[in-house]
Amino acid sequence: MADNLPSEFDVVVIGTGLPESIIAAACSRSGQRVLHVDSRSYYGGNWASFSFSGLLSWLKEHQENSDIVNECPLWQEKILENEEAIALSRKDKTIQHVEVFCYASQDLHEDVKEAGALQKNHASVTSANSTEAADSACLPTEDQSLSTASCEIPTEQTPSSDPESALEVNDFEATGEKENHCDDKSSVPSTSEKETSENVPMAEESAEQPKKNRITYSQIIKEGRRFNIDLVSKLLYSRGLLIDLLIKSNVSRYAEFKNITRILAFREGRVEQVPCSRADVFNSKQLTMVEKRMLMKFLTFCMEYEEHPDEYKAYEEITFSEYLKTQKLTPNLQYFVLHSIAMTSETASSTIDGLRATKNFLHCLGRYGNTPFLFPLYGQGELPQCFCRMCAVFGGIYCLRHLVQCLVVDKESGKCKAIIDQFGQRIISKHFLVEDSYFSENMCSHVQYRQISRAVLITDRSVLKTDSDQQISILTVPAEEPGAFAVRVIELCSSTMTCMKGTYLVHMTCTSSKTAREDLEPVVQKLFTPYTEKEIENEEVEKPRLLWALYFNMRDSSDSSRNSYNDLPSNVNVGSGPDCALGNDNAVKQAEALFQQICPNEDFCPPPPNPEDIILDGDSLQPEASESSAIPEANSETPRESANLRNPEEPSE
């Protein structure tokens with residue numbers, strides 16, 4: 001029972017974002033007693049993924065969150081004379097400027113509900129020319145429970161028989177459908193099951209389509225469980241810190257991944273594919289033979305640039321963009337290298353930054369596919385849950401919808417000694433990790449935050465049409481105005497299990513200079529056209545049609561110094577939210593640094609022990625279960641169409 005927890009732990013973690021989840025897993029793995037709580041009804045915080053109805057409930061929750069009034073705190077009576085309290089905030093102010101637009105045909109009826117949902121999802125819809133924010137846009141009515149918010153429980157995958165297997169990289173379209181249920185108070189993340197498509201009714205499959213390619217809003221609602229929409233848009237570098245950690249800790253068994261199939265560039269109003277591997281370069285019809293040789297020579301230099309300092313030392317003070325102009329590269333090649341390979345800023349990135357980014361890109365090529373990137377099936381929100389599962393396997397206790405009222409600080413030592421939760425229970429601990437969003441305005445008054453502009457779009461086809469409709473693409477659109485930032489576009493197809501068939505899920509991200517809509521709408525207009533009945537009549541439309549759009553700003557606390565927080569006790573650490581970078585290296589670095597403070601000289605997320613090597617006291621006791629048997633398997637009878645890839649650096653047995 002969440003209202004009767006143990007009274008003492010070694011580590012208390014508040015918030016289930018990626019850094020917090022990694023630290024909880026690492027501490028639990030090293031033998032620490034871990035309590036991991038979150039006032040939200042879902043795992044991941046701002047790293048979470050939602051079904052479509054879950055996303056609407058999340059928007060509704062944020063709308064209601066702004067109206068929260070702190071009641072007179074009864075916990076003050078539990079603070080002793082030699083103690084003081086640091087009250088935690090009940091308001092999440094990390095999301096702002098939310099705007100939702102629906103362009104698809106709005107033929108909603110009273111009986112429209114999500115396939116497999118337990119209750120109706122009544123939703124109002126903002127018209128395409130609306131400028132109202134989320135309080136009137138595509139949100140569930142007040143009588144809809146917030147429990148419909150998708151709570152993506154860590155999904156157990158069938159364990160591999162190969163102990164050295166590293167990642168499941170899925171190259172085929174899966175047919176699984178994910179259950180999104182969550183208990184109010186769960187001490188261990190329960191296993192979610194993947195239903196086969198036969199068990200979930202398909203919307204409109206047997207009905208006649210009145211018009212060709214017609215996708216309506218009611219279809220999106222009915223197929224809402226096919227969507228897994230990330231709040232933060234990132235990819236995994238195939239040799240990045242997070243992939244290495246997933247392999248080392250064997251947490252990779254809890255997730256599957258797909259390769260990003262292509263890298264695109266937007267130039268002169270057109271989207272085109274960028275050759276990045278050696279094979280792509282020599283097969284490209286966009287480049288002349290001379291350009292191919294130029295590009296291969298430059299990329300070869302970038303792979304070993306540190307061995308030839310004389311080649312770039314004189315250019316260290318200029319931007320990478322200016323440096324490329326000094327090389328024997330055509331404007332076409334300069335554009336590809338700057339925006340699609342190095343993916344660095346045209347005005348802010350130095351020569352060293354650009355060379356380092358280019359080398360990292362090339363270093364990651366070929367490990368799991370012909371691009372450097374992987375994407376987790378069912379979305380980025382799977383990753384925090386994978387580490388939560390590892391923590392639970394090693395004894396960590398989990399409580400969602402569990403509010404922490406305050407931190408209790410000993411006046412004499414200045415250290416935090418306990419927390420008081422919503423039930424008034426005092427829980428003692430040695431170390432505390434608190435996600436940044438839980439701190440009050442007074443605590444954060446000197447913290448300098450940045451903002452991330454985000455857009456989530458549902459479209460009817462890819463930005464670059466090819467023979468295959470199952471492409472996963474990344475595209476960078478350079479900034480056109482001074483002071484603006486380049487926009488990163490990630491386009492996901494239905495085989496990533498993030499959207500319904502016949503649609504694409506498009507994520508846009510950039511560092512904020514204005515509101516998210518002001519930052520990103522110009523790029524949306526370049527790449528897409530609004531979905532209207534008139535255009536449906538046409539056989540072919542030049543741009544993909546935009547069906548639905550969400551814009552919001554997210555707070556970026558990744559650069560915040562611990563010293564910026566007012567009166568923070570020495571044994572309380574801060575977990576930051578997502579940053580604007582493409583990869584997850586910042587979260588892993590932060591987690592490892594904080595873990596070393598809590599558990600110095602301990603190995604960070606070592607591999608799990610072999611069950612055969614574990615001996616328990618007592619002959620009558622059964623050998624301790626492995627990770628794979630400690631949690632029930634999810635639909636283990638369902639055949640899996642995935643390639644089982646080991647760490648390429650490990651020898652095969």
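What you see is a predicted model, and the numbers here were worked out from it, not measured in a lab.

Definitions and cut-offs
- Residues numbered from 1 in each chain as written.
- Predicted model: local features only at pLDDT ≥ 70, side-chain atom pairs only at ≥ 80, totals over all residues.
- Heavy atoms only, no water.
- Core = buried A, V, L, I, M, F, W, Y, C linked by side-chain atoms within 4.5 Å.
- Buried < 20%, exposed > 50% of the residue type's maximum accessible area, 1.4 Å probe, protein only.
- Helix = DSSP H or I, 4+ residues; strand = E, 2+ residues; numbered from the N terminus.
- Domains from an automatic or database assignment.
- Contact = heavy atoms within 4.5 Å.
- Pairing = 2+ DSSP bridges.
- Right-handed = clockwise from strand over helix to strand, strands pointing away.
- 1 Å grid on protein atoms, 1.4 Å probe; cavity = no way out; pocket = protein on both sides within 12 Å on 5 of 7 lines; lining within 4 Å.
- Points joined across faces, edges and corners; volume = space filled by probe spheres on them.
- Nonpolar A, V, L, I, M, F, W, Y, C, P; charged D, E, K, R; others polar.
- Salt bridge = Lys/Arg side-chain N within 4 Å of Asp/Glu carboxyl O.
- Expected span 1.5 Å × (residues − 1).
- Arc of directions from axis to C-beta.
- Axes fitted to C-alpha atoms, helices over the stretch in contact; angles between N-to-C directions.
- Parallel < 35°, antiparallel > 145°, perpendicular 65-115°, else oblique.
- Phe/Tyr/Trp six-rings, centres within 6.5 Å; stacked < 30°, edge-to-face > 60°.
- Lys NZ or Arg CZ within 6 Å of the ring centre and 35° of its normal.

Draft legend 1. View of the nonpolar core. One finds Phe52, Phe298, Met508, Leu527 and Trp548 to be the most contacted residues of the largest nonpolar core, which totals 101 residues. With eight residues, the top contributor of residues to this core is strand S24 (residues 545-556). Each of domain 1 (8-93 + 378-448 + 558-598) and domain 2 (278-364) gives at least three residues to this core.

Draft legend 2. Expanded view of unusual backbone geometry. Even without being a glycine, Met343 presents a positive backbone phi close to 55 degrees. Turning to its location among the elements, Met343 is positioned in the loop between helix H8 (331-341) and helix H9 (351-364). Exposure remark for Met343: the relative accessible area of 22% places this residue in the partly exposed category. Despite not being glycine, Tyr378 has its phi angle at roughly 75 degrees, a positive value. Examined against the element boundaries, Tyr378 turns out to sit in the loop between strand S14 (373-376) and helix H10 (382-393). Tyr378 sits in the buried class, given a relative accessible area of 5%.

Draft legend 3. Quick look at the environment of Phe361. With respect to the element layout, Phe361 can be found in helix H9. By relative accessible area, Phe361 is classed as buried at 0%. Expressed as a C-alpha distance, the spacing of Phe361 and Met303, which sit 58 residues apart in the sequence, is 9.4 Å. Setting aside residues up to four positions removed in sequence, Phe361 forms contacts with Ile263, Cys276, Ser340, Ile341, Met343, Pro372 and Phe373.

Draft legend 4. Geometry of the pairing of strand S1 (residues 8-14). In terms of burial, S1 is a largely internal element, six of the seven residues being buried. As judged from the six bridges shared by S1 and strand S18 (residues 426-435), these two strands associate in the parallel manner. The partner of Val13 across the bridge, within S18, is Leu433. The pairing of S1 with strand S2 (residues 34-37) spans four bridges and is classified as parallel. Bridge pairing links Val12 to Leu35 in S2. For the handedness criterion, the β-α-β arrangement of S1, helix H1 (residues 18-29) and S2 is classed as right-handed.

Draft legend 5. Structural detail: empty space enclosed by the protein. Enumeration over the complete set of coordinates arrives at four cavities of 30 Å³ or more. Taken as a whole, the largest cavity holds about 50 Å³ of empty space. When the residues that make up the lining of the largest cavity are grouped by side-chain class, the tally is one nonpolar, five polar and three charged. Each pocket or cavity is described by its volume, and for the second largest cavity that value is around 40 Å³. For the second largest cavity, the full set of lining residues is Leu235, Leu236, Tyr237, Gly240, Leu241, Leu242, Ile243, Gly583, Asn584 and Asp585. Every element with two or more residues in the lining of the second largest cavity is listed here: strand S10 (236-237) and helix H4 (241-249).

Draft legend 6. Seen up close, the pattern of salt bridges. Applying the stated criterion to the full structure yields 25 salt bridges. Of the charged contacts, one joins Asp556 and Arg450 as a salt bridge, the two residues approaching to 3.3 Å between their closest N and O atoms. Here Arg450 lies in strand S19 (residues 450-459) and Asp556 lies in strand S24, a separation of 106 residues in the sequence. The network of salt bridges with common partners includes Asp38, Arg40, Asp92 and Glu435.

Draft legend 7. Seen up close, the pairing of strand S13 (residues 270-273). Pairing between strand S12 (residues 262-267) and S13: four bridges, direction antiparallel. Paired with Leu264 across the bridge in S13 is Gln273.

Draft legend 8. Representation of helix H13 (residues 585-598) within the structure. Between its first and last C-alpha atoms H13 spans 20 Å; for 14 residues at 1.5 Å apiece the expected length is 20 Å, and the two agree. Those residues of H13 lying buried are Ala587, Val588, Gln590, Ala591, Leu594, Phe595 and Ile598. In a view along the axis of H13, the buried residues occupy a sector of 165 degrees, so they form one face of it. If you follow the buried residues of H13, they end up packed against S1, H1, H4, S18 and strand S25 (572-575).

Draft legend 9. Examining the environment of Ser41 more closely. The residue Ser41 is located in the loop between S2 and strand S3 (49-50) in this model. Between the C-alpha atom of Ser41 and that of Cys399, which follows or precedes it by 358 residues, the distance is 9.3 Å.

Draft legend 10. View of the packing of H4 against H13. Look at H4 against H13: their axes get within 8 Å of each other, and the N-to-C directions meet at 55 degrees. Between H4 and H13, the crossing angle belongs to the class labelled oblique. Between H4, through Leu241, Leu242 and Leu245, and H13, the contact on the second element is made entirely by Asp585, Val588 and Lys589. Considered class by class, the residues forming the contact of H4 with H13 number four nonpolar, no polar and two charged.

Draft legend 11. Up close: the environment of Lys501. With respect to the helices, strands and loops of the structure, Lys501 is situated in the loop between strand S21 (487-492) and strand S22 (504-511). The class for Lys501 is exposed, based on a relative accessible area of 60%. In this structure the C-alpha to C-alpha distance between Lys501 and Glu223, which are 278 residues apart in sequence, comes to 9.2 Å.

Draft legend 12. Highlighting the packing of aromatic side chains. According to the stated counting rule, one finds 16 aromatic pairs in the structure shown. Relative to Phe227, the ring of Phe52 lies with its centre 5.9 Å away and its plane at 50 degrees, an arrangement referred to as tilted. On the criterion of sequence distance, the pair formed by Phe52 in helix H2 (residues 52-65) and Phe227 in the loop between helix H3 (217-222) and strand S9 (229-230) is long-range, its members being 175 residues apart. For the pair shown, Phe52 and Phe227 are each scored as buried. Put simply, the rings of Tyr42, Phe50, Trp58 and Phe552 pair up and form one aromatic cluster. Over the ring of Tyr254 we find Arg389, and its NZ or CZ is 5.6 Å from the ring centre.

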